[in-house]
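Observations on chain architecture
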Amino acid sequence: MAEIKEDQEIFAGDIVSFINKDGRTVRGAVEVSGLDSESDILESMENAELPKEMLKIFTYPKHELVDKEMNEVILLDRSLLAGDTVRRGKTGEIGTVISLDIKTDLRVLDTNMGFKNICAKRFEPFVRLSEGDKVAHNGWIGQIRDLEEDKIGIMTSHGLLDLEDDRGQINPDFRLLSSRGVYEPISDWRRNEEDSSVYLGQQLYGNYTKKGDESFAKVTDVGNGDAEVNWVAFGNHEFTPMPKNEWYSSELWQLQAPWLEEDIANTEGQGITLGARYKIKITDDEAKSLNYLRNNPEAEKLNAFGDVSAWQSLTPLQQYKKAEITFQDVIDLLVRITDTNEDDNSPWIKIDFGKYSVITYEGESICKYDSKRGERVAEKINGLFDPIFYGKQDKAKMQHEIKERIERLFAELGKILGNQFEPDKLKIHMSAFTMESAGDGTGKWRQYRTIIKEDPNLTASVRGQGHSKFEHKNDSAVSVEVVDYRVKCKVQWQSGEIDEYKSTELFPALHINDHDFCPNDFVVRENREDLDEWGNVISVDFAEKQLVVQWHSDKTLKERETLSVFDIADHPDYKFRMGELVVGTNATELPGSGVGMVKSILPSGHLEILWADRTESLVLPVNLISEHVLFGDAYEEEEEINEEDYDEFTVNKLVISGDEEEIADSDGSWESESEEDVVMEDKKKVDLDEELKGFVNVSAGAKNTVKSEPELTAVIENTLEAAHSKIQEIADKWESKMSDEEKDTQEQFHEKFLEELDQENTRLEEKANEMIAEITEPPSNDVPLDELGAVHYFELPSPTHAFYKTKTEQPKSFLKIYNSEIKRLQTSLPKGIHIWTYESRLDLFSFAIEGPAGTPYEYCLFFFDICLPDGYPLTSPPKVHFKSAIKQKINPNLYDTGNVCLSLLGTWAAKRDSEDWTYNSNLLQLLVSLQGLTLNSEPYYNEAGYDRQKDTASGMENAKSYNEFITVKLCDHVISTIRNPGEPFEQLTKEFYFGSECSESEGALAKFIEKIKVLKSESPDDLPYPLLPISKGCKSALSVKLEKLKDIKTENGEKFTSPLC
């Protein structure tokens, strides 16, 4: 695949333009880029793979989702916020966006008038708060966890409409017609987080009175509904009680959040994009300008942003000009509107004839209920549209049915209404067009766009901002939409330099290593547990990986020092970034309210804080706690299910224990399930299919897992058929034995039935495993012995084995599966892999992998523990633990906590063409994947989604930088491994690093030391992986590590037993 040039790298949120098929320039926002690692829109698509050179773009203003290649578009703007990390050019230097200057062109909604070059800092949201926002009250910081629907104020000619009305003053069945082009129940008409279509000053048309007379109305207010706040921490010196959790909408003004109001266009939830909607308070000059344009049509045209009709939010149906159509065309269009209908955007249909008006929406028809006759009319109309709103049908069949129903409807309406019904006066209004009879007796129809003409006599209180007589006033709020914008970013680079750039001159820093420091970062010395000394970064030399640090001791300013980036680490507690929220420590009296936002970080190490009460002060980090600590992973886990806890290979088993029924998964963890969930609904019949789901778990699970494997599928289907027959036999036997008393309670019958069913399930499981062992028997292999790895046999595993305390319940047939695995490993294990098996625990293994040649991992050893869980290999892959030697990741897939991220293990949702665990997967396949795919020459791309960066300028720079980082870390890994290899790896470690007594060749340690020496030289030979040229900071760190490595080699590793470096 061709390399994507740096200036063609486009990402989600970017604004682009392209030329469409008819030669017009189209603009839009990138919804997802092929360079993005993940996207919600891709997850919802049937094919969730997007080539890295492709983009999905939402066009503006039509909001159509189109696919384009990156080389077909022009970048107009980058999606950036203050605090974002960026880079410039090919140098790869990292910078932090410290401020944005955004100038916008705005359209006043419902008009084609607007303003140019308006600063985005003037924007206000339609509602102040959103779910997830952080707020403060009396020194407490909390997060909004739940928001009720927004409160909408609607002014009609009859007065303010009360949407909460429960006194019958309005008919809740009648609909509002908004500019969204849909009728909606008044009681449900609310604005939510994902709907910016309701706005201040919006003109409405609909049924507002008890009788449902149609009239105009205006949105006069949009505000937050009731809120629930989860309070997390207290920041004042003097303690105050925790605030309440439930807040009425009328009380929300008491919640402080100046960080949401300073510059909303620079917040993640309200960020600028095409079509974004806000409200602004206009000046006297701006009000006069709008009024002048409104009253002077010629001037309005010159200053217009386009035809106002083009901006109306109608349903996405083709717009028709006035044209003659036939009755068959009417039927075709009714069918067509069904084909384009989606559950969340049902079109409305309104039928007028004489004084009767019927609205149909989402399968329901409503008429003005002034008589029983009106109810009968609505009932007949509703019958017409049953096939549209209740299920899809064949198109031809639907056409025929609608035609018959319309003809039948005319006849029935004629009987109900008599002379009042005139078919020639029938009109059918839809979301985007109107159809009416020509009225000339020819049977012809006309079709034209649906337009609701304004009422020039509306009172001022009901006129929307789009009304031709609406009067704009100084300091009044106007609802606007962004039609264009230009962004300049002020960036502080690692060097400390501050410059201003167009957003298109910058590139997002997609990957930041642990040692990619920036000015104002807070740090400590590497491997330093004493945190009394801390520093803040003054400047960084990106190319040479060196930096200047201002050191502090408690609150005392110390010296500045130039260091290698590998000699320091992030401060574990001081995670302060510009724009981040903080609370004061209770032990310190602060000048502010105790909760605030970091406005800036000074070279002296002080943080400039904007407090919730809008005062400002300078504070040292020792007196603050960041929101990173308060709202970290532990906090989020209270509200969300941890995806890592989900194991798609787990097969649940039902266990009866007293009066409570519990479900145990293959990890041995338990959770209770109520008795109502498992007792059969029909007390006189056993639901065999449901019982099979719970008890014939191995067979059913296997059938789903291996449905593409004909041989095993046949075996499983035969087993399931036998299981159905056997279970039916058990059920019949027990039902015939039941007394009337037992049939009434069912409890005793149910318990005995499940007991015998469980026994049958165990027998089926044994049979299935025996079949699997036979089918997956390894083929013979004639690999030369000197090219094979080593299999070692021990009696007992070490208590340090990661799964030593894990208990598994393996069936008798497991021995066959175990022998099959051992035979495969003995004959096919690649050189460089060593495995240990334990006679007392056949479910446990340990293995070591030698770093492959031509990679940064060469001359290193890596240790793992394995457990074969219940259901292996049919329904569960092995469990693998990486025995990390240091407290840092040396590979994206290998965590220092022991987690191994691999698609084959089901611990990573990788691409569609990646390896997945199936019944015939095995340990050999796993070990080869770890050796060849995980420990490779460019491990940077192992990170989820990062493979999309291959062949891009940023990807190649990041891959090189990552290799430099792990080269330093691998020195620590080798030192720690030699000092404390752990069981059963001691002998292998000694022979690998220092050579065996029976071999004259030198060990891997000497080769590793020589490799480090070469890397430190001024002009090393080319390497088979991206690393050169080596930075000064890296060379400096390698020099320190090299001395330690030499000491270990001199002592042959004998004196080093401490696990510490």
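Along each chain, numbering runs from 1 in the same order as the chain's sequence is written. Only residues with pLDDT of 70 or above have their local features reported here, since the model is predicted, and side-chain atom pairs are shown and tallied only from 80 upward, although totals for entire chains, interfaces and linings are computed over all residues. Side-chain measures here rest on the full set of heavy atoms in the structure, leaving out hydrogens and waters.

**Considering the sheet that holds strand β35 (residues 581–584)**
Only strands that DSSP links by at least two bridges are regarded as paired with each other. Per the convention used, a helix needs a DSSP run of H or I reaching at least four residues, while a strand needs a run of E reaching at least two, with both numbered from the N terminus. Pairing within the open sheet is antiparallel, and its five strands lie in the order β38-β37-β36-β35-β39. Among the strands making up the open sheet, the edge pair consists of β38 (616–619) and β39 (624–626). The average angle at which neighbouring strand axes cross in this sheet is 40°, direction not considered. In this analysis, axes come from line fits to C-alpha atoms, helices being fitted only over the stretch in contact, and the angle between any two N-to-C directions falls in the range 0 to 180 degrees.

**Remarks on the nonpolar core**
One recurring pattern in soluble globular proteins: nonpolar side chains tend to sit buried together. Among the nonpolar cores identified, the biggest contains 86 residues, and F864 and Y993 are the most heavily contacted of them. Sorting elements by how many residues they give to this core places helix α18 (residues 953–979) first, with ten residues. Domain segmentation is taken from an automatic or database assignment of domains. Split by domain, this core shows at least three residues from each of two domains, domain 3 (494–630) and domain 5 (790–1057). Look past the residues within four positions of Y993 in its chain and what remains in contact with it is Y859, C860, L861, V974, T977, I978, G1003, A1004, L1005 and A1006. Note on terminology: a nonpolar core comprises buried Ala, Val, Leu, Ile, Met, Phe, Trp, Tyr and Cys residues joined through side-chain atoms within 4.5 Å. Whether a residue is buried, partly exposed or exposed follows from its accessible area with a 1.4 Å probe, protein chains only, as a fraction of its type maximum: under 20%, in between, or over 50%, in that order. By definition, residues are in contact when any of their heavy atoms lie within 4.5 Å.

**Quick word on the pattern of salt bridges**
Criterion for a salt bridge: a side-chain nitrogen of Lys or Arg within 4 Å of a carboxyl oxygen of Asp or Glu. This model, assessed by the stated rule, comprises 32 salt bridges. Taking the shortest distance from any N to any O, the salt bridge between K134 and E627 comes out at 3.3 Å. A residue pair is termed long-range when its members are at least 10 positions apart, and K134 in strand β9 (residues 134–137) and E627 in helix α9 (residues 627–630) qualify at 493 residues. The class for E627 is buried, based on a relative accessible area of 17%. In this structure, the salt-bridge partner of E481 is R277, at a minimum N-O distance of 2.8 Å. Placement of E481 in strand β27 (residues 477–493) and of R277 in strand β19 (residues 277–281) is noted, with a sequence separation of 204 residues between them. When sorted by exposure, E481 lands in the same class as R277, which is buried. Residues joined by salt bridges that share partners form a network here, namely R27, D105, D484 and R486.

**Concerning the packing of α18 against helix α19 (residues 986–994)**
Packing of α18 against α19 brings their axes to within 9 Å, and their N-to-C directions diverge by 130°. Taken together, the axis directions place α18 and α19 in an arrangement best described as oblique. Counted together, V974, T977 and I978 of α18 and T989, Y993 and F994 of α19 form the full contact between these two elements. Think of it as three bins: nonpolar holds Ala, Val, Leu, Ile, Met, Phe, Trp, Tyr, Cys and Pro, charged holds Asp, Glu, Lys and Arg, and polar takes everything else, Gly as well. The class makeup of the residues in the contact of α18 with α19 is four nonpolar, two polar and no charged. Relative orientations are named as follows: roughly parallel for angles under 35 degrees, roughly antiparallel for angles over 145 degrees, roughly perpendicular for angles from 65 to 115 degrees, and oblique for any other angle.

**Considering the environment of V629**
Here V629 is to be found in helix α9. Taking the C-alpha atoms as reference points, V629 and D573, 56 residues apart in sequence, are found 7.5 Å from one another.

**Quick look at the pairing of strand β11 (residues 151–156)**
Direction of pairing for β11 relative to strand β12 (residues 159–161): antiparallel, over a ladder of three bridges. Looking at β12, one finds that M155 is bridged to L160. Hairpin connection, β11 to β12: the antiparallel pair is bridged by two residues.

**What about the packing of aromatic side chains?**
Here a pair means two rings of Phe, Tyr or Trp (six-membered ring of Trp) with centres within 6.5 Å. Their orientation is stacked below 30 degrees between planes, edge-to-face above 60, and tilted elsewhere. Throughout the structure, instances matching the rule amount to 23 aromatic pairs. A centroid spacing of 4.7 Å and a plane angle of 5° characterise the contact between F847 and F864, whose relative ring orientation is stacked. Placement of F847 in strand β45 (residues 841–850) and of F864 in strand β46 (residues 861–867) is noted, with a sequence separation of 17 residues between them. Among the aromatic residues, those joined into a cluster by ring pairs are Y940, Y941, Y946, Y962 and F965.

**Considerations on empty space enclosed by the protein**
Rolled over the atoms, a probe with the dimensions of a water molecule shows which regions are left empty. In this analysis a 1.4 Å probe is tested at points of a 1 Å grid over the protein atoms alone, and where it fits but cannot get out there is a cavity; an open set with protein on both sides within 12 Å along at least five of seven lines is a pocket; lining residues have an atom within 4 Å of a point. Grid points are joined across faces, edges and corners, and a volume is the space filled by probe spheres set on the points. Evaluation of the coordinates by the stated rule reveals five cavities of 30 Å³ or more. Estimates place the volume of the largest cavity at around 100 Å³. Lining the largest cavity are R87, G92, I94, A509, L510, H511, N513, D516, F542, E957, N958 and S961. Broken down by element, the lining of the largest cavity gets its largest block of residues, three residues, from α18. Split into classes, the residues belonging to the lining of the largest cavity amount to four nonpolar, five polar and three charged. For the lining of the largest cavity, the domains that each give at least three residues are domain 3 (494–630) and domain 5 (790–1057).

**Some words on the state of the cysteines**
Any two cysteine sulfur atoms lying within 2.5 Å of each other are counted as a disulfide. Under the counting rule described, the total for this entry stands at zero disulfides. Among the cysteines around C971, which has no disulfide bond, C860 carries the closest sulfur, lying 8.2 Å off.

**Looking at the sheet that holds strand β1 (residues 15–19)**
Within a sheet, each strand pairs with its neighbour through backbone hydrogen bonds, oriented either parallel or antiparallel. Reading across from one edge, β4-β3-β2-β1-β5 is the order of the five strands in this open sheet, with antiparallel pairing throughout. This sheet does not close on itself; its edge strands, each paired only once, are β4 (65–69) and β5 (74–77). Direction aside, neighbouring strands of the sheet carry axes that sit 45° apart on average. As paired strands, strand β2 (residues 25–33) and strand β3 (residues 54–60) are joined by six bridges and run antiparallel to one another. For G28, the partnering residue across the bridge sits in β3 and is T59.

**Brief notes about the packing of α18 against helix α20 (residues 1004–1016)**
Two numbers describe how α18 lies on α20: the axes approach to 12 Å, and their chain directions differ by 155°. Taken together, the axes of α18 and α20 are roughly antiparallel relative to one another. Relative to α20, the crossing made by α18 is left-handed. Contact residues: T967, L970, C971, V974 and I978 in α18; L1005, F1008, I1012 and L1015 in α20. Split into classes, the residues belonging to the contact of α18 with α20 amount to eight nonpolar, one polar and no charged. Crossings are classed by handedness, with left-handed meaning an anticlockwise turn of the near helix from the far one by less than a right angle and right-handed meaning a clockwise turn.

**Some points on α20**
Relative to the 18 Å expected for 13 residues at 1.5 Å per residue, α20 spans 18 Å between its end C-alpha atoms, a close match to the ideal helical length. Against α18, α19 and α21 (1032–1050) lie the buried residues of α20. To estimate the expected span of a helix, subtract one from its residue number and multiply by 1.5 Å.

**Focus on the pairing of β4**
Examined bridge by bridge, β3 and β4 share five bridges and lie antiparallel to one another. Directly across from F58, in β4, lies its bridge partner L65. As consecutive antiparallel partners, β3 and β4 are separated by four residues, and within that stretch H63 has a phi angle of approximately 60°, a positive value.

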